[in-house]
Amino acid sequence: MNVVGRYLGNVGDWIQTRLLRDIRQEEDGTSSAPPDPQAAHADLRVVFVNRPQPEKYTSNRVSTAKYNLISFLPLFLFEQFRRYSNCFFLFIALLQQIPDVSPTGRYTTLMPLLFILFISAIKEIIEDIRRHAADRRVNVQEVEVLKGYHWQWIRWSKLKVGDMVRVRNDSLFPADLVLLSSSEPNAMAYVETSNLDGETNLKVRQGLAHTSKLLEPKDLNRFVCTVECESPNRHLYEFVGTLRELGKPAHSLGPQQMLLRGAKLRNTMWVFGIVIYTGHDTKLMKNSSFPPLKRSTVDKVTNGQILWLFFLLIVICVISAVASEIWSASYLSSAWYLRFDDIVISNFGFNLLTFIILYNNLIPISLQVTIEVVRLIQATMINYDVEMYHEESNMCAMARTSNLNEELGQVKYILSDKTGTLTKNVMEYKKCSVAGNVYHVDDDALSKRLKEGGGSDAILLKEFMTLLAVCHTVIPEIDSLGEIKYQAASPEIPDARYDEWKQRMEEARLSMHMREQKVADAAELIEKDLVLLGATGIEDKLQDQVPETIAAFLLANIHVWILTGDKQETAINIAYSCKLIDPTMALLIVNEDSLDATRETLLKHVHEFGEHLKRENHCALVIDGRTLKYALSHDMRTDFLDLCVSCRAVVCCRVSPIQKAEVVDLLVQGTNAVTLAVGDGANDVAMIQRAHVGVGVSGQEGMQAVCNSDYAVAQFRFLRKLLFVHGNWCYHRMCKLILYSFYKNICLYVIELWYAIWSAWSGQTLFERWCIGLYNVLFTAAPPLALGLFDRVSTAETMLKYPVLYKMSQESQFFNFRIFWLWVINALAHSIVLFWLPAWAMAHDVMWPNGKEGGYLMLGNSVYTYVVVTLIQYFYQEQSGVDLAFGQSPVR
Amino acid sequence: MPNGANNRPSMRPRGRAIEQQRLPAWQPILTAGTVLPTFFVIGIAFIPVGVGLLYFSNGVQHFELDYTYCKTSDGKTCADKIAEAPGSSCECKIQFNITDSWKGKVYVYYGLTNFYQNHRRYVKSRDDFQLLGDVKKTPDQECRPFAFQSLNATYKEPIVPCGAIANSMFNDTFQITFSNSGKEVKLLKTGLAWESDKRIKFANPSGFDPANASGVFLKTQKPINWQKPIYNLGLNEPGNQGLVNEDFIVWMRNAAFPNFRKLYAIVSDDQEFFRYGFAAGNYELTVSYTFPVTKFDGTKRLMLSTTSLLGGKNPFLGIAYIVVGCLFLVTGIVFIFVHIKYGKTTQEMISVTPQTPY
């Protein structure tokens, strides 16, 4: 029965399409009139059919690869040396090539650097070879093109704009086409768009009646026309064009006539189409842009600290070089045994370089590689988590990027979509109301009444049911077993207003409210004389455990904001039912329709808060899209943000996708807080890309959100484990890994400074060369990896049980400027003890009963051994999550 | 539900413990109950260790004699004399007294102060292949400027052993006379270097013949500061001649600090009064003084020392152990007071609620 609801849900598909076009034109400020050929718009494409194209368009050959043979080396090196650390180590490696400058040999930095670059290059090459292979497979596919009066098979890559093509059943469209005619009556064609949006249902496309008779090559050959259309864009569900034939009235083209590259022809013998957009101009390719590169807060802090550490390094080097200068001046002239007759020994500049090389490993060269390996494995662990597997949809969690694992532990604001994210987005038919009678889905009153007949209500009921059965987009498909499958389109969310409209459907007040909307003139004309037959009631349930999850988030000091295209009442209701707001909360509802009124209301509320502003208050802010537009204008942003962060919850309704992203921007720019945007539809993509962490819910609405997300989960409730357990763990692990890596390098290499005091500030290394070379890659490689992979600050159960534990990572308690420098100071302290104790203990040189003395490597190797032992011991101390050094008590 | 979800193979993760991060783990929870005993155990264990170390160190007999400014019979210091005539040698004598007789093997060291054997340029100024006997090769450029000796304007020969370390080899010699018997104390000049050094890092050129030692060193020059060529080191001492000379090897092992000592000789126990150690009594040290140190404020010392299980005399380690042990005890006691006054029970520590301040 619930299918009925869906039927009706799709009655308005075409209305929606019209609506969309109107809305877009409104937004763009263009008129709704068809494109005028005289007004030569820059963003207009005119395709000449059966005539040569005056313009040259992009080839239909696609390339998604990052590199080719020639560009690989420069591009790859450019990518690599955009990282500070790689530049730094290259600089060191170059310095070491200057004769007599390096205290550690010529290749001790170059080799590890080349190794790291080599590993990265192999990874890039493997990935790119796969892309090249995939591209080639695509480009060599063939399609039939009309040449004169014959169809000729050509490769996809040779296809040009304006070509007429024939596409057969079950083949992919080679480019974006305008449908002319098909094997089916009235130029109907069925397409499957799962490659584009993940929806597996079939969709109907229909050519213009005017072109549906073009069934033979000779007809097509004679068909001379122009197609005016928008310049290429990424809107999958939108298309505005005009087909003009000489001396005939123009016909408007819409998404109904579009056959998009990436889609597949189904249940249709063949179609004829005109190529409109090729190659990278197609909507598919326009949508496959690379997501913005995001970096985690920990990453940024680390990079900042590296700069500080570099500064510290320079300071130490200058001190050493100055000391060397002083020592040389006072000693060297009388030291006959050090008479090297060149100037290098006492040249300040050269000495500075020597010390930079000597101390350069204060900045750990292996950190970047370690971090990347650890993140990759952490991401795998997220994918493997059986508790985030959703049986019904057969989906597990998916970490699409691994750069942000630790950012999951620091989320302060969750900006959530409503439909499909908090709710199931499964529209279930509950009841209908016809002629004043309500029929529930569970009782058979309706069928009884239908059978009985008689009476005006029965006629209306029959009419109502007929309408439901006719006005829909369900496509029956007979499968191989001979069973009929109904391919119903699930509701799409390409625009926020559609939410609104759908909600109206749910509320079953479509026909009454539609008039309030700015509907296209044509639509309005049709709808003028509508008769209200009845209404269906449809329910969209909350997903499992949404209230519990939100309650846990609130305990963890995570603010949850709902951003929905839905109308206000529904949004508030959902916010109540998911326990985001409760009846004791004051609701600040801001609905204004002018800039001034908005400003007035916002300022009023700001004043009411008084000194409670910017603190959390027991209230919630509700604002609609129109008011939001004003509130986000430049002069009110700050006040609005202050107001938002003063409330426990914020609900934004009737907001467009762009507005969702703007709210994220407001938070990102106005606060230092980490934001997480979660949504399931194409309208959430902007918000998902803009937030620090974007999470896609792989729900009913295709893969758009998931494809643009950083992490994908099947259900909203999985966010809880993703944040509280994986986020928290990853944060702690990454912090410890980074701190420990810095600690261990500082601890060892500052000893070189202490030794410089005794070695005439000459830059002599205390340690044996191989010990230095193998320090990061062998002797102390395991502890950071172990910390990054296995350290558990507390068990998953504990962290889920006590959401308050999340605050530790959320508030950056384990990695900030203070902690970092405490570790540095700790490392300095350890290095002092580790150098001076052995130095004093071995001051007498003779360590054995045989009376022989050890020499400097005896001291160096001993100190080195003690350093490694101390590091391992420190690792055991750190892995417990107990930080004795800084007096932080364990919480578990 | 997406169509075809049922047709796909199940994506359900296998749920093995390692993937679910549920491997058994152990974390030490540091509570007063575990930390305090640790403090006391360490404190109590360290003090006896320290006492033991001190005992060993104190058991070592040690005598030092600074002869930097020793005077010749005409009242001038040798230091001044060799400064006036660089490369010359000067003889001076010093009397000293050993009050107690020593037991055990006695080692003779020379000690230098303010001598930077650990200077970076100095440390690398050597050619390890040359030291392994390849004396025909062009010396490593690290040896510069002690790599070649110019014989005339156009001709130069490699220096063997090249480099600053070899060039500055300590070349004073000692002679100790036991005044009570009037006999010279017999000193052994072998067994000074590490076996590994002798076997692996140093070797004479192939074809080295002790009888005609200079043969294989033809067309090489002695280091500038040396008075005799390398093949005359350890002359007439089998296995101690040329590049494997132990004095040389000992010098070539760079010291860690500017104040250091190096083994000079071992007192032979195959002589009267020294069979079981070192006899008490008066001694006279005769120094053949050639090594200049006063210019850079260095000093030279003669050291006589026995050894313990832990080498020479150095009370530092023992004292350090005792101090650390005491610190642990004191800290432990302080912690006990803190614990009694402010501490929480383990039960309190682990019962964390959302209200618990942290």
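Residues numbered from 1 in each chain as written. Chains lettered and ligands numbered in written order. Predicted model: local features only at pLDDT ≥ 70, side-chain atom pairs only at ≥ 80, totals over all residues. Heavy atoms only, no water.

As annotated in an unreviewed UniProt entry, chain B is Cell cycle control protein from Notodromas monacha. A UniProt comment under Subcellular location (unreviewed entry) is attached to chain B, and it reads "Membrane". Entered under Sequence similarities (unreviewed entry) in the UniProt record, the comment concerning chain B runs "Belongs to the CDC50/LEM3 family." (UniProt positions renumbered as here; feature names shortened; annotations may be inferred.)

As recorded in an unreviewed UniProt entry, chain A goes by Phospholipid-transporting ATPase and comes from Notodromas monacha. In its Sequence similarities (unreviewed entry) section, the UniProt record describing chain A reads: "Belongs to the cation transport ATPase (P-type) (TC 3.A.3) family. Type IV subfamily."

## What to know about the overall build of chain A
Each helix and strand in chain A was counted, giving 31 helices and 27 strands. Taken over 892 residues, chain A has a buried fraction of 57%. Taking the contacts inside chain A whose residues are at least 6 apart along the sequence as the reference set, 74% of them involve residues at least 24 apart. A total of about 37100 Å² of accessible surface is found on chain A, and carbon and sulfur atoms cover 59% of it. (Helix = DSSP H or I, 4+ residues; strand = E, 2+ residues; numbered from the N terminus. Buried < 20%, exposed > 50% of the residue type's maximum accessible area, 1.4 Å probe, protein only. Contact = heavy atoms within 4.5 Å. Areas by Shrake-Rupley, 256 points an atom, 1.4 Å probe, with all protein chains shown as cover.)

## A few points about the packing of helix α25 (residues 718-758) of chain A against helix α30 (residues 817-841) of chain A
All names here are of chain A. As a packed pair, α25 and α30 sit with axes 8 Å apart at the nearest point and diverge in direction by 45°. Put simply, α25 runs oblique to α30. In the crossing of α25 with α30, the sense of the turn from one axis to the other is right-handed. When its residues are assigned to classes, the contact of α25 with α30 shows 22 nonpolar, three polar and no charged. (Axes fitted to C-alpha atoms, helices over the stretch in contact; angles between N-to-C directions. Parallel < 35°, antiparallel > 145°, perpendicular 65-115°, else oblique. Left-handed = near helix turned anticlockwise from the far one by under 90°. Nonpolar A, V, L, I, M, F, W, Y, C, P; charged D, E, K, R; others polar.)

## Considering helix α1 (residues 32-58) of chain B
Residue and element names in this part refer to chain B. Counted at 1.5 Å a residue, the expected span for α1 with its 27 residues is 39 Å, and the 38 Å between its end C-alpha atoms agrees. Considered for burial, the residues of α1 that qualify are Val35, Leu36, Phe39, Gly43, Gly50, Leu53 and Ser57. Those residues of α1 that are buried are in contact with α8 (316-342). (Expected span 1.5 Å × (residues − 1).)

## Quick look at the sheet that holds strand β6 (residues 188-192) of chain A
Residues and elements named next belong to chain A. Pairing is antiparallel in the open sheet, where three strands are placed in the order β7-β6-β12. Two strands lie at the open edges of the sheet, namely β7 (202-206) and β12 (264-266), each paired on one side alone. Between one strand and the next, the sheet's axes are offset by a mean angle of 45°, whatever the strand orientation. Pairing of β6 with β7 involves five bridges; the strand directions are antiparallel. What sits directly across from Tyr190, in β7, is Val204. (Pairing = 2+ DSSP bridges.)

## As for the environment of Asp642 of chain A
All names here are of chain A. Tracing the backbone shows Asp642 in helix α21 (residues 637-646). The spacing of Asp642 and Val693 is 51 residues in sequence and 22 Å in space, taken between C-alpha atoms. Excluding residues within four positions of it along the chain, Asp642 makes contact with Leu613 and Lys614.

## Side note on the pairing of strand β9 (residues 241-245) of chain A
Residue and element names in this part refer to chain A. With four of five residues buried, β9 is to be regarded as a mostly interior element. Both strand β8 (residues 225-230) and β9 contribute to a ladder of five bridges, which runs antiparallel. The residue of β9 that forms the bridge with Val227 is Leu243. By the bridge criterion, three bridges tie β9 to strand β10 (residues 251-253) in an arrangement that is antiparallel. Of the residues in β10, the one forming a bridge with Leu243 is His251. Hairpin connection of β9 to β10: five residues between the antiparallel strands, including Gly247 at a positive phi of 75°.

## Section: the UniProt feature "active site" (unreviewed entry) in chain A
Residue and element names in this part refer to chain A. The UniProt record marks Asp417 with the feature "active site" (unreviewed entry), using the residue numbering of this structure. Among the secondary structure elements, Asp417 is positioned in the loop between β15 (411-416) and β16 (428-434). Owing to a relative accessible area of 1%, Asp417 belongs among the buried residues under this scheme. Residue contacts for Asp417: discarding those within four places in its chain leaves Leu422, Leu563, Lys660, Val678, Gly679, Asp680, Asp684 and Met687.

## Brief notes about the UniProt feature "transmembrane region" (unreviewed entry) in chain B
Residue and element names in this part refer to chain B. This chain's UniProt record puts "transmembrane region" (unreviewed entry) on residues 29-56 and 316-340. With 89% helix and 0% strand, residues 29-56 has its two end C-alpha atoms placed 39 Å apart. In residues 316-340, helix accounts for 100% and strand for 0%; the two terminal C-alpha atoms are 36 Å from one another.

## Some details on the interface of chain A and chain B
Taken together, the contact pairs 82 residues of chain A with 77 residues of chain B. Interface area for chain A against chain B, summed over the two sides, is near 7100 Å², with a carbon-plus-sulfur share of 56%. Linking chain A with chain B are three salt bridges. A salt bridge links Glu797 of chain A to Arg22 of chain B; the nearest nitrogen and oxygen atoms lie 2.8 Å apart. In this structure, the connection of chain A to chain B is made through 32 residue pairs in polar contact (both at pLDDT 80 or more). (Buried area = accessible area lost by both parts, 1.4 Å probe. Salt bridge = Lys/Arg side-chain N within 4 Å of Asp/Glu carboxyl O. Polar contact = N/O pair within 3.5 Å; in protein donor to acceptor, adjacent residues only side chain to side chain.)

## Comments concerning the domain arrangement of chain A
The assigned domain composition of chain A is domain 1 (159-287), domain 2 (301-379 + 726-880) and domain 3 (398-423 + 538-713). Inter-centroid distance (C-alpha atoms) of domain 1 of chain A to domain 2 of chain A is 65 Å. (Domains from an automatic or database assignment.)

## Here's the deal with the pattern of salt bridges
Residue and element names in this part refer to chain A. The tally for this structure, following the rule as stated, stands at 37 salt bridges over all chains. The salt bridge partner of Arg168 is Glu144, with a shortest N-O separation of 2.7 Å. Of this pair, Arg168 sits in strand β4 (residues 164-168) while Glu144 sits in strand β2 (residues 142-147), and the two are 24 residues apart along the sequence. With a closest N to O distance of 3.2 Å, Asp596 and Arg599 form a salt bridge. Of this pair, Asp596 and Arg599 both sit in helix α19 (residues 595-609), three residues apart, which is roughly one turn of the helix. Assessed through its relative accessible area of 52%, Asp596 is described here as exposed. Arg599 gets classed as partly exposed once you look at its relative accessible area, which sits at 26%.

## Description of the sheet that holds strand β20 (residues 534-539) of chain A
Strands pair in a sheet through their backbones, by hydrogen bonds, and they do so in one of two ways: parallel or antiparallel. All names here are of chain A. Taken together, the three strands give an open sheet; going across it, the order is β17-β16-β20, and neighbouring strands pair in antiparallel fashion. Each of the sheet's edge strands pairs with one partner strand only, and the pair in question is β17 (437-440) and β20. The average angle at which neighbouring strand axes cross in this sheet is 20°, direction not considered. Examined bridge by bridge, β16 and β17 share four bridges and lie antiparallel to one another. Within β17, the position partnered with Lys431 by the bridge is His440.

## Regarding the domain arrangement of chain B
The domains assigned to chain B are domain 1 (33-60 + 312-339) and domain 2 (62-306). Relative to domain 2 of chain B, the C-alpha centre of domain 1 of chain B lies at a distance of 41 Å.

## Considerations on helix α5 (residues 110-139) of chain A
All names here are of chain A. Under the 1.5 Å per step criterion, the end-to-end length of α5 is 41 Å for 30 residues, consistent within 8% with the ideal 44 Å. Buried residues of α5: Leu113, Ile116, Leu117, Ser120, Ala121, Glu124, Asp128, Asp135 and Asn139, and no others. Tucked into the core, α5 has its buried residues touching α3 (69-80), α4 (84-95), β3 (150-155) and α11 (367-384).

## Side note on the confidence of the model for chain B
All names here are of chain B. Averaged over every residue, the pLDDT of chain B is 88; the share at 70 or more is 94%. Here residues 1-6 scores under 50 on pLDDT; set against residues more than four positions off or in separate chains, the count is nine contacts. Both scores are available for the predicted complex, with the pTM at 0.80 and the ipTM at 0.92. (pLDDT = per-residue confidence, 0-100.)

## Observations regarding the state of the cysteines
Residues and elements named next belong to chain B. Enumeration over the complete set of coordinates arrives at three disulfides over all chains. Disulfide pairing is shown between Cys78 and Cys90; the S-S distance is 1.8 Å. Judged by the sign of its S-S torsion, about -75°, the bond between Cys78 and Cys90 is left-handed. Of this pair, Cys78 sits in helix α2 (residues 78-84) while Cys90 is found in strand β2 (residues 90-98), placing the two residues twelve residues apart along the sequence. (Disulfide = S-S within 2.5 Å.)

## Observations regarding the pairing of β16 of chain A
Every other side chain in a regular strand lies on the same face of the sheet, so the side chains alternate between the two faces. All names here are of chain A. Relative to β20, β16 is paired through six bridges, and the arrangement is antiparallel. If you follow Lys431 over to β20, its bridge partner there is Gly537. In sequence, β16 turns back onto β17 through a hairpin of two residues, with Ala435 there showing a positive phi of about 50°.

## Remarks on the side chain of Arg261 of chain B
Considering the arrangement of structural elements, one finds Arg261 of chain B in strand β10 (residues 260-267). Here Arg261 of chain B sits buried without a salt bridge, and the closest side chain of opposite charge, Asp845 of chain A, lies 5.0 Å off (N-O distance). Among the polar contacts listed, one links the side chain of Arg261 of chain B to the backbone oxygen of His844 of chain A, at a separation of 3.2 Å. In contact with Arg261 of chain B, other than residues within four places in its own chain, are His844, Asp845, Val846 and Glu853 of chain A together with His62, Tyr109, Tyr110, Gly111, Met303 and Ser305 of chain B. (Lys, Arg positive; Asp, Glu negative; His and termini not counted.)

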